[in-house]
Amino acid sequence: PIIQDQTSPNLAHIPTTNILTYSEDFSQSYWNKQSNITPTYNTTETTSPIGTNNVTKLVGNGTDGILRASINVTGVVARSVYLKSVTGNINVKLKDPNQTVTTLTLDVTTEWQRFELSEDNGTGLQGIWIDDIPASGIYIWGAQLEQQSQATAYIKSDGIAAVRKSSTTNLISYSEDF
């Protein structure tokens, strides 16, 4: 669970949009799979971080990846994705498809982890790129691209951008200080 102190915004309730239109099905043509990437959607080998059978297994060659580029949004964005290794610890890269700013090398284990890359890409087109996928494979689920400085709680998109509007306000003062 995401827990914040009283002075911080609750990340689960910040209004946001997951700009990616397919955040769980990486077999869609929406996702650009480089030549040596083989996706298997709805693999029965593992479940997602929320226990569903909608995980994609990606098998690569150690140098190619999967990406979604050319998304028309400028300025600061937060990219995030859940990854899990098929066997042992491996390194993959999370980056912007334009390769203009940061590339993060991720230590992916056999447990689900959410990785995030937030940065200002200026006026260029945006996207997300998971690269250097090994032949042993990785599991991927829950990709998100938001136009803000930090990733918020994941929201699924399935063909259209997913929007979360501000939904709650705690009206009780000092609700945690009894």
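In the block above lies the structure referred to throughout.
In this text the structure is predicted, and so the values were computed from the model without any measurement. (Residues numbered from 1 in each chain as written. Predicted model: local features only at pLDDT ≥ 70, side-chain atom pairs only at ≥ 80, totals over all residues. Heavy atoms only, no water.)

Caption draft 1: Region of the structure containing the nonpolar core. By size, the foremost hydrophobic cluster in this structure holds 27 residues, and its most contacted members are Leu83 and Ile130. Residues within four places of Leu83 in sequence aside, it is in contact with Val92, Leu106, Val108, Glu111, Trp112, Gln113, Phe115, Ile130, Ile138, Tyr139 and Ile140. In terms of nonpolar packing, the next biggest core, distinct from the first, is built from six residues, Val55, Tyr82, Trp112 and Tyr139 among them. (Core = buried A, V, L, I, M, F, W, Y, C linked by side-chain atoms within 4.5 Å. Buried < 20%, exposed > 50% of the residue type's maximum accessible area, 1.4 Å probe, protein only. Contact = heavy atoms within 4.5 Å.)

Caption draft 2: Main features of the side chain of Glu119. Checked against the element boundaries, Glu119 lands in strand E9 (residues 113–120). Of note is the side chain of Glu119, whose polar atom sits 3.2 Å from the side chain of Arg79. A distance of 2.8 Å separates a polar atom in the side chain of Glu119 from a polar atom in the side chain of Thr102. Filtering out sequence-adjacent residues up to four positions away, Glu119 remains in contact with Gly75, Val76, Val77, Arg79, Asp96, Val101 and Thr102. (Helix = DSSP H or I, 4+ residues; strand = E, 2+ residues; numbered from the N terminus. Polar contact = N/O pair within 3.5 Å; in protein donor to acceptor, adjacent residues only side chain to side chain.)

Caption draft 3: Representation of the sheet that holds strand E2 (residues 32–33) within the structure. Strand order in the open sheet formed by five strands is E2-E5-E10-E7-E8, with antiparallel pairing between adjacent strands. Two strands in the sheet have a free side with no partner beyond their single neighbour: E2 and strand E8 (103–108). Across three bridges, the pairing between strand E7 (residues 90–95) and strand E10 (residues 126–131) is antiparallel. Within E10, the residue paired with Leu94 across the bridge is Ile130. (Pairing = 2+ DSSP bridges.)

Caption draft 4: Layout of the sheet that holds strand E6 (residues 76–85). Strand order in this open sheet of five strands is E3-E4-E11-E6-E9, and the pairing throughout is antiparallel. Both edges of this open sheet fall to strand E3 (38–41) and E9, since each of them pairs with a single strand only. The mean angle between the axes of side-by-side strands here comes to 30°, regardless of whether they run parallel or antiparallel. (Axes fitted to C-alpha atoms, helices over the stretch in contact; angles between N-to-C directions.)

Caption draft 5: Up close: the pattern of salt bridges. Inspection of every chain in the model, using the stated rule, returns six salt bridges. Here Asp96 makes a salt bridge to Arg79, at a shortest N to O gap of 3.9 Å. Of the two residues, Asp96 sits in the loop between E7 and E8 while Arg79 sits in strand E6, which places them 17 residues apart along the sequence. Judged by relative accessible area, which is 0%, Asp96 ranks as buried. Using a relative accessible area of 0% as the deciding quantity, one classes Arg79 as buried. Where Arg79 meets Glu119, a salt bridge forms, and the shortest distance between an N and an O atom there is 3.2 Å. (Salt bridge = Lys/Arg side-chain N within 4 Å of Asp/Glu carboxyl O.)

Caption draft 6: Quick look at unusual backbone geometry. A positive phi angle, near 60°, is found at Asn42, a position not held by glycine. The class for Asn42 is partly exposed, based on a relative accessible area of 37%. Even without being glycine, Asp132 reaches a positive phi, approximately 65°. Along the chain, Asp132 turns up in the loop between E10 and strand E11 (138–146).

Caption draft 7: The arrangement of the pairing of E10 in detail. Across the six residues of E10, six count as buried, placing the element largely inside the fold. Alternating positions in E10 separate into two faces, Gln126, Ile128 and Ile130 on one and Gly127, Trp129 and Asp131 on the other, with burial throughout. As judged from the four bridges shared by strand E5 (residues 66–71) and E10, these two strands associate in the antiparallel manner. When the sheet's bridge partners are listed, Ile66 is paired in E10 with Ile130.

Caption draft 8: Spotlight on the side chain of Asp131. For Asp131, the position within the fold is in strand E10. A polar side-chain atom of Asp131 sits 3.2 Å from the main-chain amide nitrogen of Gly65. Engagement of the side chain of Asp131 in a polar contact is seen with the side chain of Lys95, the distance being 3.0 Å. For Asp131, the residues in contact, after removing those within four places along its chain, are Gln34, Thr63, Asp64, Gly65, Val92, Lys93 and Lys95.

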